[in-house]
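Residue-level listing of the chains:
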Amino acid sequence: MALLNFKKSAPVETTTTPEMEAFLKDYSIEVMPRTAEKVDDFRALLPKGTRVYIAHIEGTPIEDMVKTAARLAKDGYKVMPHFPARIIADEATLADWIARYQGEADVKQALLLAGGVATPHGAFESSMQLLETGLFDKAGFERLHVAGHPEGNKDIDPDGSMKNVDDALQWKQKFSERTDAQMALATQFAFDAGPIIEWANSIKANGIDLPVHIGIAGPAKLQTLIKFAIACGVGPSLKVLQKRAMDVTKLLLPYEPTDVLSALAAHKAANPDFNIESVHFFPLGGIKTNANWAIQNGGSSAIPAAQA
């Protein structure tokens, strides 16, 4: 990926509203080691201090994860690696990973999740088991995020209900009350604001006061999004993409999350106590594309490379 030339390029023109600007404040984004390698300089794309999640996909060596974390931390980003329970063999392995991240990248934040693996590699199968080890508290982690599922998860609830997901949320809520670490729910992406708002309100009514960092798919080709949405088990809001795919005038146009985010931003502005605190982007169409879209729609601009 070519480095942006800030000396010759005009400033990115923004088309935003105060509501959207407020909603995109302090957004986060996700990368993988292999996608991060394609970025010459993150400082030309993301504002300093952005929280960057590092997705740990099955088969990715821990050395590559730690190397990516160290690079991002050096560039001034808040690094939050994934700890997928089902690919961690045992407690000793978990302790080793924590030690590596802290020793080489001073990591103090983590996203704990089950991981998209059908058969656990060892002792763990849920984020709750990782939390129960006490290793994150012992290591002084300041922030721990756990997964949220606005449209359910058939890996967790094969019958299509929300029972196991909701039970897990109650457990995570109780854990948050006995840890010093800040906790939040980082959710799977969805495409329709209505179900998101309904879910967020329902968990709050059920006593879950963990702030929500809502997952949003960044700009991408429609076919790419549909493929990822089906693979990730996205629920009712998948119909938004399917309806778009039936419109030949929109089929070849890239999808942008403008509608869903505008609706959520307007709801947040009208309801300041709404429990969605932040936006978390899945850059399915590329990090550069997503970062530039965020800037154009109200997110903070990156620091020009010459000034970084």
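Conventions used here
- Residues numbered from 1 in each chain as written.
- Predicted model: local features only at pLDDT ≥ 70, side-chain atom pairs only at ≥ 80, totals over all residues.
- Heavy atoms only, no water.
- Core = buried A, V, L, I, M, F, W, Y, C linked by side-chain atoms within 4.5 Å.
- Buried < 20%, exposed > 50% of the residue type's maximum accessible area, 1.4 Å probe, protein only.
- Helix = DSSP H or I, 4+ residues; strand = E, 2+ residues; numbered from the N terminus.
- Contact = heavy atoms within 4.5 Å.
- pLDDT = per-residue confidence, 0-100.
- Salt bridge = Lys/Arg side-chain N within 4 Å of Asp/Glu carboxyl O.
- Phe/Tyr/Trp six-rings, centres within 6.5 Å; stacked < 30°, edge-to-face > 60°.
- Lys NZ or Arg CZ within 6 Å of the ring centre and 35° of its normal.
- Pairing = 2+ DSSP bridges.
- Axes fitted to C-alpha atoms, helices over the stretch in contact; angles between N-to-C directions.
- Parallel < 35°, antiparallel > 145°, perpendicular 65-115°, else oblique.
- Left-handed = near helix turned anticlockwise from the far one by under 90°.
- Nonpolar A, V, L, I, M, F, W, Y, C, P; charged D, E, K, R; others polar.

Colleague: Just checking my understanding: could you explain the nonpolar core for this structure?
Modeller: Generally speaking, soluble globular proteins have nonpolar side chains that are buried together. In terms of nonpolar packing, the biggest core is built from 77 residues, with Phe83, Phe136, Leu261, Leu264 and Phe281 touching the most fellow members. Counting residues per element, this core draws most heavily on helix H8 (residues 193-205), which supplies six residues. Setting aside anything within four residues of it in sequence, one finds Phe281 in contact with Leu24, Tyr27, Ser28, Ile29, Glu30, Ile216, Gly218, Pro257, Leu261, Asn290, Trp293 and Ala294. Membership of the second largest hydrophobic core comes to six residues, among which are Met80, Leu111, Ala147 and Ala186.

Colleague: When you look at the confidence of the model for the protein in this model, what are you seeing that I'm missing?
Modeller: Parts of the model with low pLDDT should not have their predicted coordinates read in detail. When pLDDT is averaged along the protein, the result is 87, and 82% of the positions lie at 70 or above. Residue range residues 1-14 is modelled with pLDDT below 50. Its contacts to residues more than four positions away, or to other chains, number 23 contacts.

Colleague: Hey, could you run me through the pattern of salt bridges in this one?
Modeller: Taken as a whole and assessed by the stated rule, the structure comprises five salt bridges. We note a salt bridge from Arg43 to Asp41, for which the minimum N-O separation is 3.0 Å. Taking the shortest distance from any N to any O, the salt bridge between Arg100 and Asp96 comes out at 3.1 Å. A residue pair is termed a helical-turn pair when its members lie 3 or 4 positions apart in one helix, as Arg100 and Asp96 do in helix H4 (residues 91-105) at four residues.

Colleague: Before we go on, may I ask you to explain the packing of aromatic side chains in this structure?
Modeller: One pair of aromatic rings is described through two measures. These are the centre distance and the angle between the planes. Summed over all chains, the structure comprises ten aromatic pairs. With a centroid separation of 5.6 Å and an interplanar angle of 85 degrees, the aromatic rings of Phe191 and Tyr255 are classed as edge-to-face. Of this pair, Phe191 sits in the loop between strand S6 (182-189) and H8 while Tyr255 sits in the loop between helix H10 (238-245) and helix H11 (258-270), placing them 64 residues apart in sequence. Note on accessibility: Phe191 and Tyr255 belong to one class, buried. Here the aromatic residues Phe83, Trp97, Tyr101, Phe136 and Phe141 are joined through ring pairs into a cluster of three or more. When the ring centre of Trp171 is taken as origin, the NZ or CZ atom of Arg178, which lies over that ring, is 5.6 Å away.

Colleague: How should the sheet that holds strand S2 (residues 51-54) be read in this particular structure?
Modeller: Hydrogen bonds along the backbone pair up the strands of a sheet, which may run parallel or antiparallel. The eight strands lie next to each other as S1-S2-S3-S4-S5-S6-S7-S8, forming a closed barrel whose pairing is parallel. Ignoring which end each strand starts from, the neighbouring axes of this sheet average 30 degrees apart. Pairing analysis gives six bridges linking strand S5 (residues 143-148) to S6, with the strands arranged parallel. Within the sheet, the bridge partner assigned to Ala147 lies in S6 and is Ala186. On the sheet, helix H3 (residues 62-74) packs against strand S1 (28-31), S2 and strand S3 (78-84) and is oriented at approximately 170 degrees with respect to S2.

Colleague: Please clarify how the side chain of Ser127 should be interpreted in this entry.
Modeller: Structurally, Ser127 is set in helix H5 (residues 127-132). Ignoring anything within four residues of it in the chain, the contact list for Ser127 reads Ala85, Leu112, Leu113, Ala114, Val146 and Lys172.

Colleague: Teacher, can you tell me more about the packing of H8 against H11 here?
Modeller: What describes two packed helices is the angle between their axes and the distance between those same axes. The geometry of H8 relative to H11 is characterised by a closest axis approach of 9 Å and an angle of 40 degrees between their N-to-C directions. Judged on the interaxial angle alone, H11 and H8 are oblique. The handedness of the crossing between H8 and H11 is right-handed. On H11, the residues touching Ala193, Ile196, Ile197 and Asn201 of H8 are Val260, Ala263, Leu264 and His267. Looking at the contact of H8 with H11 residue by residue, the class counts come to six nonpolar, two polar and no charged.

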